Structures are given as structure tokens and as C-alpha cells.
Amino acid sequence: MPVLPDTGYQPTAEGRKSVDAWFAEYDALSAGRKVERMADMAVFPLNLVSDDSAGNGRSAQWDRAQFIETMSQVMGGGSEDITFDSVRTPVFLSAAMAIVFTDSTMTVEGHTQQLRYADILIRRDGAWGFQTMIQGGWGDNL
């Protein structure tokens with residue numbers, strides 16, 4: 001088990017369970033290419049952080065329309081199955097903020113791809129939403 005930074009906040013079992021449930025729903029929507037429903041789980045404007053092919057850090061903010069357009073292109077409209085096998089390590093800053101590190105294997109038609117990324121989730125009115133997506137290699141597309 002990784003050693004997590006001491007943020008001064010210890011999440012409750014319910015807090016951890018709620019983040020796990022949020023990601024289970026998001027992964028199911030991703031596998032089904034339900035991009036508009038994925039957008040329902042975001043807090044806009046959505047922050048994106050990445051790096052580009054020249055090795056420079058990049059950032060952008062997307063509104064809902066840009067998220068739907070870009071994710072629809074990235075995910076494609078095919079009917080092939082997409083599965084995710086993910087290990088998530090949440091670091092809670094408070095009951096309403098978590099940085100979640102993910103190591104994931106995505107499989108599409110028997111081809112696998114390793115993914116490593118982080119999301120910043122915030123909780124509003126009892127529901128989690130992702131507010132920032134962080135992943136290397138996407139900066140040229142921001």
C-alpha cells in the first residue's frame with residue numbers, strides 16, 4: 001500500500017466508499033461512451049493539465065460543450081467493448097476535496113493501454129464531481 005501524504009484529514013469509510021462509487025459509475029459511462037452523462041459528473045469550467053510533445057506543461061479550461069465534443073472524438077462512436085481495470089489512490093484534503101491518482105488498464109478489442117492520471121474531485125450538495133483532469137501526453141490537443 002502506498003504511503004499517502006498527511007493532509008491533516010482522515011476520510012470516513014463513507015467518504016472513501018462514495019469516491020469509489022463515483023468512479024464505478026464514471027467508468028461504466030465511459031465504457032458505454034455516454035459522453036453527455038459523463039459531462040453531468042463534471043464541474044464546469046473544467047480544468048485540464050497536461051504536457052505537450054515539446055515537453056512543456058499545458059493547461060486549459062473547457063466548458064461542457066467542448067468536453068462533449070472532445071471526449072466524443074477521443075472515445076469514438078464504435079460499438080466495440082471498452083473495459084477498465086483501475087487502481088485508485090484517493091488523497092482527501094477535506095470531506096469535500098480529493099485528489100485521486102489512478103493506474104488503469106484500458107482494453108479495447110483485446111488491445112490494452114496503460115493509463116496513469118489524476119483527478120481533482122469536489123463534493124457539492126452531497127455529490128462528487130470532477131473539476132480538474134491531469135494526465136500526461138494530451139497537451140497538443142488542449
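Before reading further, recall that the structure is shown in the block above.
This structure is a prediction, so every number in the text was calculated from the model and none was measured. (Residues numbered from 1 in each chain as written. Predicted model: local features only at pLDDT ≥ 70, side-chain atom pairs only at ≥ 80, totals over all residues. Heavy atoms only, no water.)

*Asks:* So what exactly am I meant to see when it comes to unusual backbone geometry here?
*Replies:* A negative phi angle characterises most non-glycine residues, just as the trans form characterises most peptide bonds. Here the bond from Phe44 into Pro45 is cis, since omega is 5°, no more than 30 degrees from zero. Tracing the chain through its elements places Pro45 in strand β1 (residues 42–51). Phi at Arg33 takes a positive value of approximately 55°, unusual for a residue other than glycine. Residue Arg33 is classed as buried on the basis of its relative accessible area of 15%. Non-glycine residue Asp125 carries a positive phi angle of around 50°. By the element assignment, Asp125 lies in the loop between β5 (111–124) and β6 (127–134). (Helix = DSSP H or I, 4+ residues; strand = E, 2+ residues; numbered from the N terminus. Buried < 20%, exposed > 50% of the residue type's maximum accessible area, 1.4 Å probe, protein only.)

*Asks:* What is the right way to read the sheet that holds β6 from this model?
*Replies:* Strand pairs in the sheet, formed through backbone hydrogen bonds, run parallel or antiparallel to each other. The strand order across the open sheet built from six strands is β2-β1-β6-β5-β4-β3, with neighbouring strands paired in mixed fashion. In this open sheet, the two strands that pair with only one neighbour each are β2 (57–62) and β3 (82–94). The mean inter-strand angle of the sheet, taken between neighbouring strand axes irrespective of direction, is 25°. Sheet topology note: the β1/β6 ladder contains four bridges and is parallel. The partner of Val49 across the bridge, within β6, is Ile134. Its contacts with the sheet put helix α1 (residues 13–31) on β3, β4 (97–108), β5 and β6, and the angle it makes with β3 is roughly 150°. Docked against the sheet, helix α3 (residues 64–75) engages β1, β2 and β6, running at close to 115° with respect to β2. (Pairing = 2+ DSSP bridges. Axes fitted to C-alpha atoms, helices over the stretch in contact; angles between N-to-C directions. Contact = heavy atoms within 4.5 Å.)

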